[in-house]
Amino acid sequence: GCVLVVSVIEQLAQWHNSTVKAAMERLCNYIPGKYQIIHHIIDREMNADVVCHSLKLCKQDPGQPLCHLYPPPKVSCFFTFFKATDCGRTNASIFFYFLPLQKSFMGFSSVCAFPLLANLCEKIKYVMRNKLPFEDFDGDKFSTFPTLRGYHWRGRDCNDKNTTVYPGRRPDNWDVKSDSNCNGIWGVDPKDGIPYEEKFCKGADSQGVVLLGDSAGAHFHIPPEWMTVTQMSAKSFANLPMAFTDELDWPQFSEITGFLNSTIGGWTDSLYLRLRRRNRCNHRDLQNISQNGMLTAYLSFSLARNQLLDNPAIVIYATIGNDVCNGNRDTLAHMTTPKEMLSNVVQALQYLDSHLPNGSHVILTGLVDGRFLWDNLHDRYHPLGQLNRDITYSQLYSFLDCLQVSPCSGWLTPNETLRNLTSERALQLSNVLKEIARSEKFANFDIFYMDFPLRQTAEEWHKMGGEPWQLIEPVDGFHPSQIAAALGTSITWQKALHEWPQVLGKENPFNDQIEAIFKDQGGH
(Lines give C-alpha, C1' and ligand atoms only; values in the text may rest on other atoms or scores of the structure.)
Protein backbone atom coordinates (compact mmCIF):
# COMPACT_ATOMS: atom_id res chain seq x y z
CA GLY A 1 0.00 0.00 0.00
CA CYS A 2 2.73 2.49 0.90
CA VAL A 3 4.69 1.99 -2.32
CA LEU A 4 1.52 2.34 -4.36
CA VAL A 5 0.40 5.59 -2.73
CA VAL A 6 3.83 7.24 -2.69
CA SER A 7 4.14 6.36 -6.38
CA VAL A 8 0.81 8.08 -7.12
CA ILE A 9 1.83 11.22 -5.22
CA GLU A 10 5.19 11.46 -6.95
CA GLN A 11 3.53 11.03 -10.34
CA LEU A 12 0.87 13.64 -9.51
CA ALA A 13 3.64 16.11 -8.74
CA GLN A 14 5.36 15.24 -12.01
CA TRP A 15 2.21 15.39 -14.13
CA HIS A 16 1.06 18.74 -12.74
CA ASN A 17 4.61 20.11 -12.41
CA SER A 18 4.01 20.85 -8.75
CA THR A 19 5.62 20.25 -5.39
CA VAL A 20 4.99 17.06 -3.52
CA LYS A 21 3.02 19.09 -0.98
CA ALA A 22 0.74 20.42 -3.72
CA ALA A 23 0.33 16.92 -5.11
CA MET A 24 -0.65 15.66 -1.68
CA GLU A 25 -3.21 18.43 -1.28
CA ARG A 26 -4.55 17.61 -4.72
CA LEU A 27 -4.97 13.94 -3.79
CA CYS A 28 -6.63 14.87 -0.50
CA ASN A 29 -9.09 17.03 -2.39
CA TYR A 30 -9.84 14.17 -4.77
CA ILE A 31 -10.65 11.64 -2.05
CA PRO A 32 -13.85 12.10 0.02
CA GLY A 33 -13.47 12.89 3.72
CA LYS A 34 -10.49 13.77 5.91
CA TYR A 35 -7.47 11.54 6.29
CA GLN A 36 -4.45 11.27 8.48
CA ILE A 37 -1.24 12.00 6.68
CA ILE A 38 2.44 11.82 7.50
CA HIS A 39 4.94 14.50 6.52
CA HIS A 40 8.14 13.41 4.96
CA ILE A 41 10.87 15.03 2.94
CA ILE A 42 11.20 13.23 -0.38
CA ASP A 43 14.19 13.65 -2.60
CA ARG A 44 13.14 13.64 -6.24
CA GLU A 45 15.88 11.06 -6.88
CA MET A 46 14.29 8.67 -4.40
CA ASN A 47 11.57 6.26 -5.36
CA ALA A 48 8.60 4.92 -3.42
CA ASP A 49 10.49 1.80 -2.29
CA VAL A 50 13.14 3.90 -0.53
CA VAL A 51 10.62 6.21 1.12
CA CYS A 52 8.50 3.36 2.48
CA HIS A 53 11.50 1.43 3.76
CA SER A 54 12.88 4.54 5.43
CA LEU A 55 9.63 4.91 7.36
CA LYS A 56 9.64 1.22 8.25
CA LEU A 57 6.27 0.86 6.59
CA CYS A 58 8.03 -1.68 4.42
CA LYS A 59 10.72 -3.93 5.86
CA GLN A 60 13.00 -6.78 4.91
CA ASP A 61 12.54 -9.85 7.07
CA PRO A 62 15.70 -11.77 8.05
CA GLY A 63 16.67 -14.30 5.43
CA GLN A 64 14.19 -12.89 2.91
CA PRO A 65 14.98 -10.97 -0.29
CA LEU A 66 14.60 -7.20 -0.45
CA CYS A 67 11.34 -6.59 -2.29
CA HIS A 68 11.19 -3.54 -4.56
CA LEU A 69 8.98 -2.37 -7.38
CA TYR A 70 11.42 0.18 -8.84
CA PRO A 71 15.13 -0.04 -9.69
CA PRO A 72 17.45 1.12 -6.84
CA PRO A 73 17.79 4.93 -6.59
CA LYS A 74 20.86 6.90 -7.62
CA VAL A 75 21.30 8.51 -4.18
CA SER A 76 21.91 6.77 -0.90
CA CYS A 77 21.10 9.24 1.88
CA PHE A 78 18.12 11.35 2.82
CA PHE A 79 16.50 13.08 5.77
CA THR A 80 13.11 12.20 7.20
CA PHE A 81 10.76 13.47 9.83
CA PHE A 82 7.17 12.71 10.72
CA LYS A 83 4.17 14.73 11.66
CA ALA A 84 0.50 13.67 11.71
CA THR A 85 -2.20 16.09 10.67
CA ASP A 86 -5.36 16.36 8.55
CA CYS A 87 -5.57 17.10 4.85
CA GLY A 88 -6.10 20.79 4.28
CA ARG A 89 -4.41 21.84 7.56
CA THR A 90 -0.77 21.12 6.76
CA ASN A 91 2.22 23.26 7.66
CA ALA A 92 5.15 21.21 6.45
CA SER A 93 6.66 22.02 3.11
CA ILE A 94 6.94 18.52 1.69
CA PHE A 95 5.10 15.43 2.76
CA PHE A 96 3.51 12.25 1.61
CA TYR A 97 0.32 10.41 2.25
CA PHE A 98 0.09 6.80 3.38
CA LEU A 99 -3.03 4.82 2.65
CA PRO A 100 -2.65 1.33 4.15
CA LEU A 101 -4.32 -0.64 1.40
CA GLN A 102 -4.74 -4.38 1.69
CA LYS A 103 -1.67 -6.59 1.80
CA SER A 104 -2.72 -7.87 -1.57
CA PHE A 105 -5.39 -7.17 -4.16
CA MET A 106 -7.48 -9.96 -2.63
CA GLY A 107 -8.20 -8.73 0.91
CA PHE A 108 -8.37 -5.59 3.00
CA SER A 109 -7.30 -6.36 6.58
CA SER A 110 -4.99 -3.36 6.99
CA VAL A 111 -7.59 -0.92 5.67
CA CYS A 112 -8.91 -0.81 9.24
CA ALA A 113 -5.99 1.49 10.07
CA PHE A 114 -7.42 4.06 7.65
CA PRO A 115 -9.58 6.52 9.65
CA LEU A 116 -12.29 6.97 7.02
CA LEU A 117 -12.86 3.22 6.81
CA ALA A 118 -12.27 2.21 10.42
CA ASN A 119 -15.95 2.52 11.31
CA LEU A 120 -16.82 0.19 8.45
CA CYS A 121 -14.37 -2.54 9.40
CA GLU A 122 -16.53 -4.43 11.85
CA LYS A 123 -19.45 -4.38 9.43
CA ILE A 124 -17.29 -5.63 6.59
CA LYS A 125 -15.74 -8.36 8.75
CA TYR A 126 -19.23 -9.51 9.69
CA VAL A 127 -20.46 -9.78 6.12
CA MET A 128 -17.24 -11.48 5.02
CA ARG A 129 -17.61 -14.12 7.71
CA ASN A 130 -21.24 -14.79 6.99
CA LYS A 131 -21.65 -13.66 3.36
CA LEU A 132 -25.08 -12.37 4.36
CA PRO A 133 -26.50 -8.83 4.31
CA PHE A 134 -25.45 -6.70 7.26
CA GLU A 135 -28.72 -4.75 7.17
CA ASP A 136 -31.50 -7.33 7.11
CA PHE A 137 -34.16 -6.39 9.61
CA ASP A 138 -36.41 -9.42 9.15
CA GLY A 139 -33.62 -12.01 8.85
CA ASP A 140 -34.71 -13.47 5.50
CA LYS A 141 -31.19 -13.00 3.99
CA PHE A 142 -32.35 -10.18 1.70
CA SER A 143 -31.90 -6.44 2.18
CA THR A 144 -33.03 -2.98 1.07
CA PHE A 145 -29.45 -1.65 1.43
CA PRO A 146 -27.15 -1.94 -1.61
CA THR A 147 -23.70 -2.75 -0.21
CA LEU A 148 -22.39 -4.77 2.75
CA ARG A 149 -23.76 -7.87 0.99
CA GLY A 150 -27.08 -6.13 0.33
CA TYR A 151 -29.01 -5.98 -2.93
CA HIS A 152 -25.89 -5.59 -5.08
CA TRP A 153 -25.41 -9.26 -4.16
CA ARG A 154 -29.00 -10.55 -3.79
CA GLY A 155 -32.33 -9.40 -5.18
CA ARG A 156 -33.67 -6.39 -3.30
CA ASP A 157 -36.16 -7.15 -0.57
CA CYS A 158 -39.51 -5.39 -1.03
CA ASN A 159 -40.55 -5.66 2.62
CA ASP A 160 -37.70 -5.88 5.13
CA LYS A 161 -40.15 -6.14 8.02
CA ASN A 162 -41.72 -9.42 6.91
CA THR A 163 -39.64 -12.58 6.82
CA THR A 164 -42.11 -14.28 4.45
CA VAL A 165 -41.61 -11.63 1.75
CA TYR A 166 -38.43 -11.94 -0.34
CA PRO A 167 -37.26 -12.54 -3.95
CA GLY A 168 -37.54 -16.07 -5.31
CA ARG A 169 -40.44 -17.46 -3.28
CA ARG A 170 -43.59 -18.85 -4.84
CA PRO A 171 -46.40 -16.29 -4.55
CA ASP A 172 -48.58 -16.30 -1.45
CA ASN A 173 -52.21 -16.71 -2.61
CA TRP A 174 -51.11 -15.53 -6.07
CA ASP A 175 -50.15 -12.17 -4.57
CA VAL A 176 -53.70 -10.91 -4.68
CA LYS A 177 -53.16 -8.24 -2.00
CA SER A 178 -49.41 -7.66 -1.98
CA ASP A 179 -46.15 -8.67 -3.66
CA SER A 180 -44.75 -11.58 -1.64
CA ASN A 181 -41.88 -12.49 -4.02
CA CYS A 182 -40.73 -8.97 -4.95
CA ASN A 183 -41.03 -9.52 -8.70
CA GLY A 184 -43.32 -6.49 -8.99
CA ILE A 185 -46.34 -8.51 -10.19
CA TRP A 186 -49.36 -8.47 -7.88
CA GLY A 187 -53.02 -7.55 -7.64
CA VAL A 188 -56.07 -8.68 -9.63
CA ASP A 189 -57.00 -7.94 -13.24
CA PRO A 190 -60.28 -5.94 -12.93
CA LYS A 191 -61.40 -7.24 -16.33
CA ASP A 192 -61.72 -10.89 -15.30
CA GLY A 193 -60.89 -11.05 -11.57
CA ILE A 194 -57.84 -13.29 -12.14
CA PRO A 195 -54.72 -12.43 -10.11
CA TYR A 196 -51.94 -11.10 -12.34
CA GLU A 197 -49.39 -13.48 -10.82
CA GLU A 198 -51.57 -16.45 -11.67
CA LYS A 199 -52.38 -15.14 -15.15
CA PHE A 200 -48.80 -14.28 -16.13
CA CYS A 201 -46.58 -16.59 -14.06
CA LYS A 202 -48.45 -19.84 -13.42
CA GLY A 203 -46.65 -22.64 -15.27
CA ALA A 204 -44.00 -20.19 -16.54
CA ASP A 205 -41.02 -22.19 -15.21
CA SER A 206 -40.01 -19.32 -12.93
CA GLN A 207 -36.57 -19.78 -11.43
CA GLY A 208 -33.73 -17.83 -9.92
CA VAL A 209 -30.00 -17.79 -10.54
CA VAL A 210 -27.40 -18.40 -7.83
CA LEU A 211 -23.63 -18.07 -8.19
CA LEU A 212 -21.23 -19.88 -5.90
CA GLY A 213 -17.97 -18.28 -6.94
CA ASP A 214 -14.62 -16.74 -6.07
CA SER A 215 -13.29 -13.22 -6.66
CA ALA A 216 -13.86 -13.52 -10.42
CA GLY A 217 -17.53 -14.34 -9.83
CA ALA A 218 -17.82 -11.48 -7.35
CA HIS A 219 -16.26 -9.32 -10.10
CA PHE A 220 -13.23 -7.93 -8.28
CA HIS A 221 -12.14 -4.61 -9.73
CA ILE A 222 -9.89 -1.73 -8.68
CA PRO A 223 -10.58 1.32 -10.87
CA PRO A 224 -7.40 2.13 -12.84
CA GLU A 225 -8.13 5.84 -12.51
CA TRP A 226 -7.37 5.50 -8.79
CA MET A 227 -3.70 5.19 -9.69
CA THR A 228 -3.39 6.63 -13.19
CA VAL A 229 -2.54 10.29 -12.60
CA THR A 230 -3.38 11.36 -16.16
CA GLN A 231 -7.00 10.27 -15.52
CA MET A 232 -7.26 11.19 -11.84
CA SER A 233 -9.84 13.67 -10.54
CA ALA A 234 -12.31 14.04 -7.69
CA LYS A 235 -14.82 12.15 -9.82
CA SER A 236 -12.40 9.19 -9.94
CA PHE A 237 -12.84 8.54 -6.23
CA ALA A 238 -16.57 9.20 -5.91
CA ASN A 239 -17.24 5.45 -5.83
CA LEU A 240 -14.56 4.66 -3.22
CA PRO A 241 -16.90 4.24 -0.20
CA MET A 242 -19.24 2.00 -2.18
CA ALA A 243 -16.33 -0.04 -3.53
CA PHE A 244 -14.91 -0.75 -0.08
CA THR A 245 -18.28 -1.69 1.39
CA ASP A 246 -18.63 -4.14 -1.49
CA GLU A 247 -15.15 -5.57 -0.74
CA LEU A 248 -13.78 -4.08 -4.00
CA ASP A 249 -16.24 -6.31 -5.85
CA TRP A 250 -18.88 -5.18 -8.35
CA PRO A 251 -21.45 -8.02 -8.43
CA GLN A 252 -24.08 -5.63 -9.81
CA PHE A 253 -22.14 -5.69 -13.13
CA SER A 254 -21.03 -9.33 -13.02
CA GLU A 255 -21.30 -12.12 -15.56
CA ILE A 256 -23.88 -14.20 -13.68
CA THR A 257 -25.88 -11.77 -11.52
CA GLY A 258 -25.23 -8.31 -13.01
CA PHE A 259 -28.30 -6.08 -13.32
CA LEU A 260 -27.08 -2.46 -13.49
CA ASN A 261 -25.47 -0.71 -16.44
CA SER A 262 -21.71 -0.85 -16.00
CA THR A 263 -19.92 2.25 -14.76
CA ILE A 264 -16.49 0.59 -14.88
CA GLY A 265 -16.11 0.22 -18.64
CA GLY A 266 -17.52 -2.28 -21.08
CA TRP A 267 -21.17 -3.19 -20.75
CA THR A 268 -23.34 -5.40 -18.55
CA ASP A 269 -24.72 -8.69 -19.78
CA SER A 270 -25.54 -11.46 -17.35
CA LEU A 271 -27.26 -14.79 -17.03
CA TYR A 272 -29.76 -13.15 -14.67
CA LEU A 273 -30.67 -10.39 -17.14
CA ARG A 274 -31.19 -12.94 -19.92
CA LEU A 275 -33.34 -15.14 -17.71
CA ARG A 276 -35.36 -12.07 -16.76
CA ARG A 277 -35.86 -11.11 -20.41
CA ARG A 278 -36.93 -14.69 -21.15
CA ASN A 279 -39.40 -14.67 -18.28
CA ARG A 280 -40.13 -11.41 -16.47
CA CYS A 281 -41.58 -13.41 -13.57
CA ASN A 282 -37.91 -14.04 -12.63
CA HIS A 283 -37.44 -10.37 -11.68
CA ARG A 284 -34.99 -9.84 -8.75
CA ASP A 285 -34.43 -13.58 -8.22
CA LEU A 286 -30.64 -13.56 -7.97
CA GLN A 287 -27.97 -14.42 -5.42
CA ASN A 288 -24.23 -13.86 -5.80
CA ILE A 289 -22.58 -15.90 -3.06
CA SER A 290 -18.96 -15.29 -3.96
CA GLN A 291 -15.97 -14.17 -1.97
CA ASN A 292 -12.44 -13.06 -2.68
CA GLY A 293 -9.96 -15.79 -1.80
CA MET A 294 -12.59 -18.29 -0.64
CA LEU A 295 -12.86 -21.86 -1.89
CA THR A 296 -16.27 -22.08 -3.49
CA ALA A 297 -17.19 -25.36 -1.79
CA TYR A 298 -17.69 -23.51 1.51
CA LEU A 299 -20.05 -20.85 0.16
CA SER A 300 -23.18 -22.95 -0.32
CA PHE A 301 -24.06 -22.56 3.36
CA SER A 302 -25.03 -18.93 2.74
CA LEU A 303 -27.71 -19.93 0.25
CA ALA A 304 -31.17 -18.43 0.78
CA ARG A 305 -33.58 -21.03 -0.61
CA ASN A 306 -36.50 -22.84 0.97
CA GLN A 307 -37.33 -26.21 -0.58
CA LEU A 308 -41.00 -25.97 0.31
CA LEU A 309 -41.76 -22.30 -0.39
CA ASP A 310 -39.40 -21.15 -3.14
CA ASN A 311 -38.98 -21.52 -6.89
CA PRO A 312 -36.23 -23.73 -8.32
CA ALA A 313 -32.87 -22.15 -9.13
CA ILE A 314 -30.02 -22.44 -11.59
CA VAL A 315 -26.83 -22.68 -9.52
CA ILE A 316 -23.52 -21.84 -11.19
CA TYR A 317 -20.60 -23.40 -9.34
CA ALA A 318 -17.57 -21.48 -10.61
CA THR A 319 -14.19 -22.44 -9.14
CA ILE A 320 -12.16 -20.84 -11.89
CA GLY A 321 -8.95 -20.12 -9.97
CA ASN A 322 -8.88 -20.23 -6.19
CA ASP A 323 -8.11 -23.94 -5.98
CA VAL A 324 -4.77 -23.45 -7.72
CA CYS A 325 -4.00 -19.83 -6.86
CA ASN A 326 -2.15 -18.75 -3.73
CA GLY A 327 0.76 -16.50 -2.83
CA ASN A 328 3.00 -19.10 -1.22
CA ARG A 329 6.57 -19.71 -2.35
CA ASP A 330 5.84 -23.44 -2.55
CA THR A 331 2.62 -22.72 -4.40
CA LEU A 332 2.16 -26.24 -5.80
CA ALA A 333 2.04 -27.71 -2.29
CA HIS A 334 -0.84 -25.40 -1.38
CA MET A 335 -3.06 -26.17 -4.36
CA THR A 336 -6.21 -28.25 -3.99
CA THR A 337 -5.61 -31.87 -4.95
CA PRO A 338 -8.04 -33.84 -7.13
CA LYS A 339 -9.02 -35.92 -4.11
CA GLU A 340 -9.75 -32.80 -2.05
CA MET A 341 -11.65 -31.29 -4.96
CA LEU A 342 -13.89 -34.33 -5.23
CA SER A 343 -14.64 -34.31 -1.51
CA ASN A 344 -15.27 -30.54 -1.33
CA VAL A 345 -17.55 -30.38 -4.34
CA VAL A 346 -19.58 -33.48 -3.47
CA GLN A 347 -20.08 -32.10 0.04
CA ALA A 348 -21.32 -28.79 -1.39
CA LEU A 349 -23.63 -30.57 -3.83
CA GLN A 350 -25.11 -32.71 -1.08
CA TYR A 351 -25.85 -29.55 0.88
CA LEU A 352 -27.49 -28.01 -2.18
CA ASP A 353 -29.58 -31.14 -2.68
CA SER A 354 -30.97 -30.72 0.82
CA HIS A 355 -31.89 -27.06 0.26
CA LEU A 356 -32.75 -26.48 -3.40
CA PRO A 357 -36.37 -26.91 -4.52
CA ASN A 358 -37.04 -29.83 -6.82
CA GLY A 359 -36.48 -29.03 -10.49
CA SER A 360 -33.34 -26.96 -9.93
CA HIS A 361 -30.19 -27.17 -12.06
CA VAL A 362 -26.47 -27.01 -11.23
CA ILE A 363 -23.77 -26.07 -13.75
CA LEU A 364 -20.16 -26.80 -12.78
CA THR A 365 -17.68 -24.47 -14.48
CA GLY A 366 -14.14 -25.67 -15.11
CA LEU A 367 -11.01 -23.81 -14.08
CA VAL A 368 -9.42 -21.22 -16.36
CA ASP A 369 -6.07 -21.74 -18.09
CA GLY A 370 -4.30 -18.80 -16.47
CA ARG A 371 -1.27 -18.90 -18.77
CA PHE A 372 -3.33 -16.39 -20.74
CA LEU A 373 -2.40 -13.76 -18.14
CA TRP A 374 1.38 -13.84 -18.47
CA ASP A 375 1.27 -14.39 -22.21
CA ASN A 376 -0.77 -11.24 -22.79
CA LEU A 377 0.36 -8.87 -20.04
CA HIS A 378 3.93 -9.49 -18.88
CA ASP A 379 5.63 -6.95 -21.17
CA ARG A 380 2.87 -4.32 -21.04
CA TYR A 381 2.97 -1.31 -18.72
CA HIS A 382 0.85 -1.39 -15.59
CA PRO A 383 -1.34 1.71 -14.93
CA LEU A 384 1.19 2.75 -12.28
CA GLY A 385 3.96 2.63 -14.88
CA GLN A 386 2.26 4.25 -17.83
CA LEU A 387 3.37 7.83 -17.13
CA ASN A 388 7.09 7.05 -17.06
CA ARG A 389 6.96 3.67 -18.80
CA ASP A 390 8.84 2.14 -15.88
CA ILE A 391 6.61 -0.59 -14.37
CA THR A 392 5.57 -3.61 -16.39
CA TYR A 393 3.22 -6.34 -15.23
CA SER A 394 6.24 -8.62 -15.00
CA GLN A 395 7.77 -6.25 -12.43
CA LEU A 396 4.48 -6.02 -10.52
CA TYR A 397 4.08 -9.80 -10.46
CA SER A 398 7.64 -10.23 -9.17
CA PHE A 399 7.11 -7.57 -6.49
CA LEU A 400 3.91 -9.21 -5.22
CA ASP A 401 5.51 -12.64 -5.34
CA CYS A 402 8.49 -11.39 -3.33
CA LEU A 403 6.07 -10.07 -0.70
CA GLN A 404 4.24 -13.43 -0.81
CA VAL A 405 0.96 -11.66 -1.54
CA SER A 406 0.63 -12.61 -5.19
CA PRO A 407 -2.94 -13.54 -6.09
CA CYS A 408 -1.52 -16.47 -8.04
CA SER A 409 2.16 -17.37 -7.79
CA GLY A 410 1.70 -20.31 -10.13
CA TRP A 411 0.56 -18.24 -13.12
CA LEU A 412 1.91 -14.74 -12.47
CA THR A 413 5.54 -15.77 -12.84
CA PRO A 414 8.30 -15.76 -15.47
CA ASN A 415 8.83 -19.45 -14.65
CA GLU A 416 7.24 -21.17 -17.64
CA THR A 417 7.55 -24.60 -16.05
CA LEU A 418 5.59 -23.43 -13.01
CA ARG A 419 2.92 -21.84 -15.20
CA ASN A 420 2.53 -25.10 -17.08
CA LEU A 421 2.34 -27.14 -13.87
CA THR A 422 -0.34 -24.81 -12.51
CA SER A 423 -2.39 -25.21 -15.67
CA GLU A 424 -1.89 -28.97 -15.49
CA ARG A 425 -3.35 -29.01 -11.96
CA ALA A 426 -6.21 -26.76 -13.08
CA LEU A 427 -7.02 -29.24 -15.86
CA GLN A 428 -6.95 -32.14 -13.38
CA LEU A 429 -9.44 -30.33 -11.15
CA SER A 430 -11.65 -29.47 -14.12
CA ASN A 431 -11.69 -33.16 -15.02
CA VAL A 432 -12.88 -33.93 -11.48
CA LEU A 433 -15.81 -31.56 -12.01
CA LYS A 434 -16.53 -33.09 -15.40
CA GLU A 435 -16.62 -36.60 -13.89
CA ILE A 436 -18.89 -35.46 -11.07
CA ALA A 437 -21.35 -34.07 -13.61
CA ARG A 438 -21.20 -37.34 -15.56
CA SER A 439 -21.55 -39.81 -12.70
CA GLU A 440 -23.27 -38.17 -9.72
CA LYS A 441 -27.07 -38.05 -9.39
CA PHE A 442 -29.11 -35.89 -7.04
CA ALA A 443 -32.76 -35.86 -6.08
CA ASN A 444 -33.58 -32.18 -6.54
CA PHE A 445 -31.42 -31.03 -9.43
CA ASP A 446 -29.72 -32.24 -12.58
CA ILE A 447 -26.08 -31.37 -13.09
CA PHE A 448 -23.99 -30.23 -16.05
CA TYR A 449 -20.39 -29.26 -16.78
CA MET A 450 -18.87 -26.64 -19.06
CA ASP A 451 -15.29 -25.52 -19.62
CA PHE A 452 -14.48 -21.94 -18.70
CA PRO A 453 -14.99 -20.18 -22.06
CA LEU A 454 -11.73 -18.22 -22.19
CA ARG A 455 -10.71 -19.33 -25.68
CA GLN A 456 -14.15 -18.57 -27.15
CA THR A 457 -14.22 -15.22 -25.34
CA ALA A 458 -10.85 -14.22 -26.77
CA GLU A 459 -11.91 -15.31 -30.26
CA GLU A 460 -15.16 -13.34 -30.06
CA TRP A 461 -13.35 -10.24 -28.80
CA HIS A 462 -10.81 -10.55 -31.62
CA LYS A 463 -13.66 -10.61 -34.15
CA MET A 464 -14.90 -7.36 -32.59
CA GLY A 465 -11.48 -5.77 -33.12
CA GLY A 466 -10.31 -6.09 -29.52
CA GLU A 467 -6.96 -7.12 -28.04
CA PRO A 468 -6.53 -10.08 -25.62
CA TRP A 469 -5.08 -7.91 -22.82
CA GLN A 470 -8.34 -5.97 -22.66
CA LEU A 471 -10.03 -9.08 -21.26
CA ILE A 472 -7.94 -8.79 -18.07
CA GLU A 473 -8.44 -6.36 -15.19
CA PRO A 474 -5.76 -3.66 -15.66
CA VAL A 475 -4.86 -2.98 -12.00
CA ASP A 476 -4.50 -6.49 -10.59
CA GLY A 477 -3.56 -8.09 -13.92
CA PHE A 478 -5.42 -11.20 -12.87
CA HIS A 479 -9.21 -11.11 -12.96
CA PRO A 480 -11.55 -11.10 -15.98
CA SER A 481 -12.48 -7.57 -17.07
CA GLN A 482 -15.98 -6.20 -17.58
CA ILE A 483 -15.67 -6.93 -21.28
CA ALA A 484 -14.69 -10.55 -20.60
CA ALA A 485 -17.63 -10.95 -18.22
CA ALA A 486 -20.18 -9.70 -20.75
CA LEU A 487 -18.78 -11.81 -23.59
CA GLY A 488 -18.66 -14.87 -21.33
CA THR A 489 -22.37 -14.49 -20.62
CA SER A 490 -23.23 -14.71 -24.30
CA ILE A 491 -21.12 -17.84 -24.77
CA THR A 492 -22.59 -19.57 -21.71
CA TRP A 493 -26.13 -18.67 -22.77
CA GLN A 494 -25.69 -20.03 -26.26
CA LYS A 495 -24.25 -23.29 -24.95
CA ALA A 496 -27.17 -23.76 -22.56
CA LEU A 497 -29.71 -22.80 -25.21
CA HIS A 498 -28.41 -25.39 -27.67
CA GLU A 499 -27.33 -28.20 -25.34
CA TRP A 500 -29.49 -27.86 -22.20
CA PRO A 501 -32.56 -25.78 -23.17
CA GLN A 502 -34.50 -27.25 -20.25
CA VAL A 503 -32.18 -25.38 -17.88
CA LEU A 504 -33.28 -21.96 -19.12
CA GLY A 505 -37.01 -22.66 -19.07
CA LYS A 506 -39.47 -21.56 -21.71
CA GLU A 507 -40.03 -18.03 -22.89
CA ASN A 508 -42.96 -16.37 -21.16
CA PRO A 509 -45.61 -15.35 -23.72
CA PHE A 510 -46.93 -12.69 -21.32
CA ASN A 511 -43.70 -10.68 -21.07
CA ASP A 512 -45.07 -7.76 -23.08
CA GLN A 513 -48.23 -7.61 -20.98
CA ILE A 514 -46.21 -7.72 -17.77
CA GLU A 515 -44.10 -4.81 -18.98
CA ALA A 516 -47.14 -2.84 -20.15
CA ILE A 517 -48.86 -3.12 -16.78
CA PHE A 518 -45.96 -3.20 -14.30
CA LYS A 519 -43.33 -1.20 -16.24
CA ASP A 520 -39.92 -1.89 -14.63
CA GLN A 521 -41.57 -4.03 -11.92
CA GLY A 522 -40.20 -1.84 -9.15
CA GLY A 523 -36.67 -1.81 -10.55
CA HIS A 524 -33.75 -3.46 -8.83
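Per chain, the residues get numbers from 1 upward, laid out in the order the sequence is written. With pLDDT at 70 or above as the cut-off, local features in this predicted model cover only qualifying residues; side-chain atom pairs require 80 or more to be listed or tallied, and sums for whole chains, interfaces and linings still use all residues. Heavy atoms from the whole structure form the basis of all side-chain values; hydrogens and water molecules are not counted.

(A) Inspection of the confidence of the model for the protein chain at higher detail. Per-residue confidence from the predictor is reported as pLDDT, which spans 0 to 100. A residue-level look at the protein chain finds 87% of positions with pLDDT of 70 or above and a mean pLDDT of 88. When checking whether two residues touch, look at their non-hydrogen atoms; a contact exists if any pair is within 4.5 Å. Within the model, pLDDT remains below 50 along residues 34-44, and this stretch shows 58 contacts once partners closer than five positions in the same chain are excluded. Predicted confidence is poor over residues 75-108, with pLDDT under 50, and the contacts of this stretch with residues over four places away or in other chains come to 121 contacts.

(B) Inspection of the packing of helix α8 (residues 271-278) against helix α14 (residues 482-499) at higher detail. A fitted line through C-alpha atoms represents every axis, and for helices the fit uses only the stretch in contact; the resulting angles, taken between N-to-C directions, go from 0 to 180 degrees. A run of H or I in DSSP becomes a helix once it reaches four residues, and a run of E becomes a strand once it reaches two; helices and strands are each numbered from the N terminus. With their axes 9 Å apart at the nearest point, α8 and α14 run at an angle of 50 degrees to one another. In this view, α8 runs oblique relative to α14, as classed from their interaxial angle. Packed against α8, whose contacting residues are Leu271, Arg274, Leu275 and Arg278, the element α14 presents Thr489, Ser490, Trp493, Gln494 and Leu497 at the interface. Charged residues are taken to be Asp, Glu, Lys and Arg, nonpolar residues to be Ala, Val, Leu, Ile, Met, Phe, Trp, Tyr, Cys and Pro, and polar residues to be all remaining types, Gly included. Tallied by class, residues from the contact of α8 with α14 come to four nonpolar, three polar and two charged. Convention used here: angles under 35 degrees read as roughly parallel, angles over 145 as roughly antiparallel, angles from 65 to 115 as roughly perpendicular, and any remaining angle as oblique.

(C) Spatial organisation of empty space enclosed by the protein. In this analysis a 1.4 Å probe is tested at points of a 1 Å grid over the protein atoms alone, and where it fits but cannot get out there is a cavity; an open set with protein on both sides within 12 Å along at least five of seven lines is a pocket; lining residues have an atom within 4 Å of a point. Grid points are joined across faces, edges and corners, and a volume is the space filled by probe spheres set on the points. The tally for this structure, following the rule as stated, stands at five cavities of 30 Å³ or more. Here the lining of the largest cavity takes three residues from α14, the largest share from any one element. Broken down by class, the residue content of the lining of the largest cavity amounts to 15 nonpolar, seven polar and two charged. Approximately 250 Å³ is the volume found for the second largest cavity. Lining the second largest cavity are 18 residues; nearest its centre among them are Gly217, Glu255, Ile256, Ala318 and Phe452. The set of elements that each furnish at least two residues to the lining of the second largest cavity consists of α6 (215-218), β6 (313-318) and α14.

(D) Region of interest: the nonpolar core. We define a nonpolar core as any set of buried Ala, Val, Leu, Ile, Met, Phe, Trp, Tyr and Cys residues linked to one another through side-chain atoms lying within 4.5 Å. Think of it in three bands: with a 1.4 Å probe and only protein chains considered, a residue is buried below 20% of the maximum accessible area for its type, exposed above 50%, and partly exposed in between. If you look at the biggest cluster of nonpolar residues, it comprises 76 residues, and the most contacted ones within it are Leu349, Leu352, Val362 and Leu364. Of all hydrophobic cores here, the second largest spans 41 residues; its members include Val20, Tyr30, Ala48 and Ile264.

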